[in-house]
Amino acid sequence: MLALSAEGILPKVDYAIFADTGWEPAAVYAHLDRLEKEIAEPAGIPVLRVSSGNIRNDALDPHHRFASMPLYILNKDGKQGMTRRQCTGEYKIKPIKKKVRELLGYPYPQRIPKGVFVEQWVGISTDEFHRAKDADVRYMRNRHPLLDLGWSRSDCVRHLTSLGLADTPKSSCLGCPFHGNAQWRKIRDSSPDEWRDVVEFDAAIRQGNARANESGNPLLGQAFLHRSRVPLSEAPIDHVTAAEWAARQHELTDANELEQGAVDGCSPWACRGDAEPVQDDFGLAS
């Protein structure tokens, strides 16, 4: 959407916003830098980076209130469960809304007058039209330009490829429990330092987040990043799941046209790929 706006195919947005959890892959930050320099700046579109903190550090800090990640739980009686997913709201949606309020001139807790709002562009394509929804506050009105254009993910990849951006990386926390096996393998096989990081984090949260343990509310069981509920270093990530196999077939179909398949992504609206559901960044236009 940023590229389409910069090219004039879509109206020029006033801002593009990236919500940074503080724990994205290095490739994502490098790609963001490139987008800002090569796409946004020449078009006069400011890229605003907002954050509520570093999700990895916060989870391990006993003195920091932590918004729960959706960890896989193995209880003492052998029953399985998951912790609540609050991280998207805290580290993605909250800082975006805070910045939007500032841009409107009504930072929290000021009341925003009726009729004052931003138009927020959400990058949902025709493949996932069911994810499109209205904003939950009056001062933000969602629009879905890719749906208006009738563009699928294949159309998006084709256009990115034409701009030399076919290698756009997936945006999501390095240690997101919603990663599928393919994403875990990619981290392990392509980035040893980042793999070491997530393995260490997985071990560190075995008894839950540090704040809960410090306050005398320990987890009654064990927590894991991988759905198999075994340490990440031992998890069966080389296993190709049915969902991953189906995704591969879809990518192979796309490759016949594009010579490169699309990559799954994650966002405040939902996670997609080989995981349970939970944009990419959006632009704001007046």
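K.L.:
Can you help me understand the overall build of the protein chain in this one?
P.N.:
Broken down by element type, the protein chain carries 10 helices and eight strands. Counting only residues that meet the buried cut, the protein chain has 46% of its 286 residues in that class. Carbon and sulfur atoms form 51% of the exposed surface of the protein chain, whose accessible area is close to 14,400 Å².

K.L.:
Even after reading the chapter, I still don't get the side chain of serine 68, so can you show me in this structure?
P.N.:
With respect to the helices and strands, the residue serine 68 is situated in the loop between helix H3 (55–59) and strand S3 (72–75). Polar contacts involving the side chain of serine 68 include one to the main-chain carbonyl oxygen of arginine 84, which spans 2.5 Å. Setting aside residues up to four positions removed in sequence, serine 68 forms contacts with Thr83, Arg84, Arg85, Gln86 and Cys87.

K.L.:
Got a minute to help me understand the pattern of salt bridges in this structure?
P.N.:
When the charged atoms of two side chains with opposite charge come close together, those side chains can pair. With the rule as written, the count across this model stands at 18 salt bridges. Close ionic contact of arginine 65 with glutamate 90 constitutes a salt bridge, the shortest N to O distance being 3.0 Å. Taken as a pair, arginine 65 in the loop between H3 and S3 and glutamate 90 in helix H4 (residues 87–104) lie far apart in primary sequence, 25 residues in all. Classification of arginine 65 as partly exposed rests on a relative accessible area of 48%. Residues arginine 143 and aspartate 148 are paired through a salt bridge, measuring 3.2 Å at the closest nitrogen-oxygen approach. A relative accessible area of 55% means that aspartate 148 is categorised as exposed.

K.L.:
What's the story with the nonpolar core in this structure? I'm lost.
P.N.:
Nonpolar side chains in soluble globular proteins generally cluster together in the buried interior. Core analysis: the largest hydrophobic core is formed by 26 residues, its most contacted members being Ile55 and Trp184. Among all residues touching isoleucine 55, those that are not within four sequence positions of it are Thr21, Trp23, Phe66, Met69, Cys87, Tyr91 and Cys173. Counting 20 residues, the second-largest nonpolar core is a separate cluster that includes Leu2, Val13, Leu32 and Ala40.

K.L.:
So what exactly am I meant to see when it comes to the packing of aromatic side chains here?
P.N.:
For the structure shown, the criterion picks out one aromatic pair. Between the NZ or CZ atom of lysine 92 and the centre of the ring of phenylalanine 18, over which it lies, the distance is 5.4 Å. Directly above the aromatic system of phenylalanine 117 lies the positively charged group of arginine 141, at a separation of 3.6 Å from the ring centroid.

K.L.:
Can you walk me through the sheet that holds strand S4 (residues 80–82) in this structure?
P.N.:
Strand pairing in a sheet relies on backbone hydrogen bonds. The paired strands run either parallel or antiparallel. Across the sheet, which stays open at both edges, the three strands sit in the order S4-S3-S7 with antiparallel pairing between neighbours. The sheet is open, and its two edges are formed by S4 and strand S7 (221–224), each paired on a single side. Along the sheet, successive strands turn relative to each other by an average axial angle of 30 degrees, direction set aside. The pairing of S3 with S4 spans three bridges and is classified as antiparallel. Residue isoleucine 73 lies in a different strand from S4, and its bridge partner there is glycine 81.

K.L.:
How do you make sense of the pairing of strand S2 (residues 47–50) when you look at a structure like this?
P.N.:
In the case of a regular strand, side chains alternate between the two sheet surfaces. In this sheet, S2 lies alongside strand S1 (residues 15–19) in parallel orientation, the contact comprising four bridges. Bridging across to S2, phenylalanine 18 finds its partner in arginine 49.

K.L.:
Looking at this structure, I do not really get the environment of isoleucine 55. What am I missing?
P.N.:
Locating isoleucine 55 in the fold gives a position in helix H3. Of the residues examined, isoleucine 55 reaches a relative accessible area of 2% and is grouped as buried. Separated by 32 residues in sequence, isoleucine 55 and tryptophan 23 have C-alpha atoms that sit 6.6 Å apart.

K.L.:
Looking at this structure, I do not really get the environment of tyrosine 139. What am I missing?
P.N.:
Its place among the elements puts tyrosine 139 in the loop between strand S5 (118–121) and strand S6 (140–143). With 20 residues separating them along the chain, tyrosine 139 and glutamate 119 place their C-alpha atoms 8.6 Å apart. When near neighbours in sequence (up to four residues on either side) are disregarded, tyrosine 139 contacts Lys97, Val100, Arg101, Leu104, Ile112, Val116, Phe117 and Val118.

K.L.:
Looking at this model, I keep getting lost on the confidence of the model for the protein chain. Mind explaining?
P.N.:
For the protein chain, per-residue confidence averages 88 on the pLDDT scale, and 86% of positions sit at 70 or higher. Every residue in residues 257–266 is under pLDDT 50, and counting partners more than four places away or in other chains gives 30 contacts.

Reading the values: rules and limits
- Residues numbered from 1 in each chain as written.
- Predicted model: local features only at pLDDT ≥ 70, side-chain atom pairs only at ≥ 80, totals over all residues.
- Heavy atoms only, no water.
- Helix = DSSP H or I, 4+ residues; strand = E, 2+ residues; numbered from the N terminus.
- Buried < 20%, exposed > 50% of the residue type's maximum accessible area, 1.4 Å probe, protein only.
- Areas by Shrake-Rupley, 256 points an atom, 1.4 Å probe, with all protein chains shown as cover.
- Polar contact = N/O pair within 3.5 Å; in protein donor to acceptor, adjacent residues only side chain to side chain.
- Contact = heavy atoms within 4.5 Å.
- Salt bridge = Lys/Arg side-chain N within 4 Å of Asp/Glu carboxyl O.
- Core = buried A, V, L, I, M, F, W, Y, C linked by side-chain atoms within 4.5 Å.
- Phe/Tyr/Trp six-rings, centres within 6.5 Å; stacked < 30°, edge-to-face > 60°.
- Lys NZ or Arg CZ within 6 Å of the ring centre and 35° of its normal.
- Pairing = 2+ DSSP bridges.
- Axes fitted to C-alpha atoms, helices over the stretch in contact; angles between N-to-C directions.
- pLDDT = per-residue confidence, 0-100.

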